Amino acid sequence: MNSASDARPVTGRWFEELPVGTVVVHAVRRTVTETDNVLFTTMTMNPAPMHLDADYAAHSEFGKPLMNSMFTLGLVVGISVPELTLGTIVAQLGLDTVDFPAPVFAGDTIRVETEVVEARPSRSRPDAGLVVFAHRAFNQADVLVCRAKRTGLMHRRPA
């Protein structure tokens, strides 16, 4: 190491440690709050009353405000970072096949599991490989609330 700025935490897995079929049940869970929802929704300029207007939401089919789905997606990816990509990812290349099969509400506790569904060496970067992660998130009642596929360009293990 040449300087303190070269140091980075590494708790993620290298490309070689992510074969297809790997499943990680993430250790961290998170209870989401009304504050999370209001802050995220307003910071991202989303004026939807389903997230911000309790009276409006009370008269909806859900009976209360919904958590912003983009917050949910960000949380799902974030929960996976320490055990998969912290210090081992070059870049996130894409998100696709995202869906939200059930609503998330303030007070729900979210847990995430991730499966490696594709992995191949990079054609243009010999020091990296592409990995497709399939994230699945469940609430405290084990109801699937989010699933998403995410592609990461992962570092190979250093020599």
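An account of the accompanying structure is given in this report.

## A few points about the side chain of T109
Point 1. Along the chain, T109 falls in strand β4 (residues 109-121).
Point 2. For T109, a relative accessible area of 14% translates into the label buried.
Point 3. Here T31 takes part through its side chain, which lies 2.6 Å from a polar atom of the side chain of T109.
Point 4. Once residues lying within four places of it in the same chain are set aside, the contact partners of T109 are R29, R30, T31, F138, N139 and Q140.

## Describing the pattern of salt bridges
Point 1. Per the counting criterion, the structure on display carries nine salt bridges.
Point 2. Of the charged contacts, one joins R111 and E113 as a salt bridge, the two residues approaching to 3.9 Å between their closest N and O atoms.
Point 3. Among the residues examined, R111 registers a relative accessible area of 23% and is labelled partly exposed.
Point 4. Note that E115 is salt-bridged to R136, the shortest N-O span being 3.3 Å. Of the two residues, E115 sits in strand β4 while R136 sits in strand β5 (residues 128-138), which places them 21 residues apart along the sequence.
Point 5. E115 gets classed as partly exposed once you look at its relative accessible area, which sits at 25%.
Point 6. Connected through salt bridges with shared partners, the residues R111, E113, E115, R136 and D142 form a single ionic network.

## Here we look at the packing of aromatic side chains
Point 1. Tallying each qualifying case throughout the model produces two aromatic pairs.
Point 2. Ring centres 5.7 Å apart and planes at 65° place the aromatic pair F40 and F71 in the edge-to-face group. With F40 in helix α1 (residues 34-43) and F71 in helix α4 (residues 69-84), the pair connects residues that are 31 residues apart, well separated along the chain.
Point 3. F40 sits in the partly exposed class, given a relative accessible area of 22%.

## Digging into the pairing of β4
Point 1. Examined bridge by bridge, strand β1 (residues 23-25) and β4 share three bridges and lie antiparallel to one another. Paired with V24 across the two strands is T114, which belongs to β4.
Point 2. Note that strand β2 (residues 30-31) and β4 share two bridges and pair antiparallel. Pairing of T31 across the sheet is with T109, part of β4.
Point 3. Strand direction decides the pairing type here: β4 and β5, joined by ten bridges, are antiparallel. Note on β5: the bridge partner recorded for T114 is H135.
Point 4. The antiparallel pairing of β4 with β5 creates a hairpin that spans six residues between the two strands.

Parameters and conventions
Residues numbered from 1 in each chain as written. Predicted model: local features only at pLDDT ≥ 70, side-chain atom pairs only at ≥ 80, totals over all residues. Heavy atoms only, no water. Helix = DSSP H or I, 4+ residues; strand = E, 2+ residues; numbered from the N terminus. Buried < 20%, exposed > 50% of the residue type's maximum accessible area, 1.4 Å probe, protein only. Polar contact = N/O pair within 3.5 Å; in protein donor to acceptor, adjacent residues only side chain to side chain. Contact = heavy atoms within 4.5 Å. Salt bridge = Lys/Arg side-chain N within 4 Å of Asp/Glu carboxyl O. Phe/Tyr/Trp six-rings, centres within 6.5 Å; stacked < 30°, edge-to-face > 60°. Pairing = 2+ DSSP bridges.

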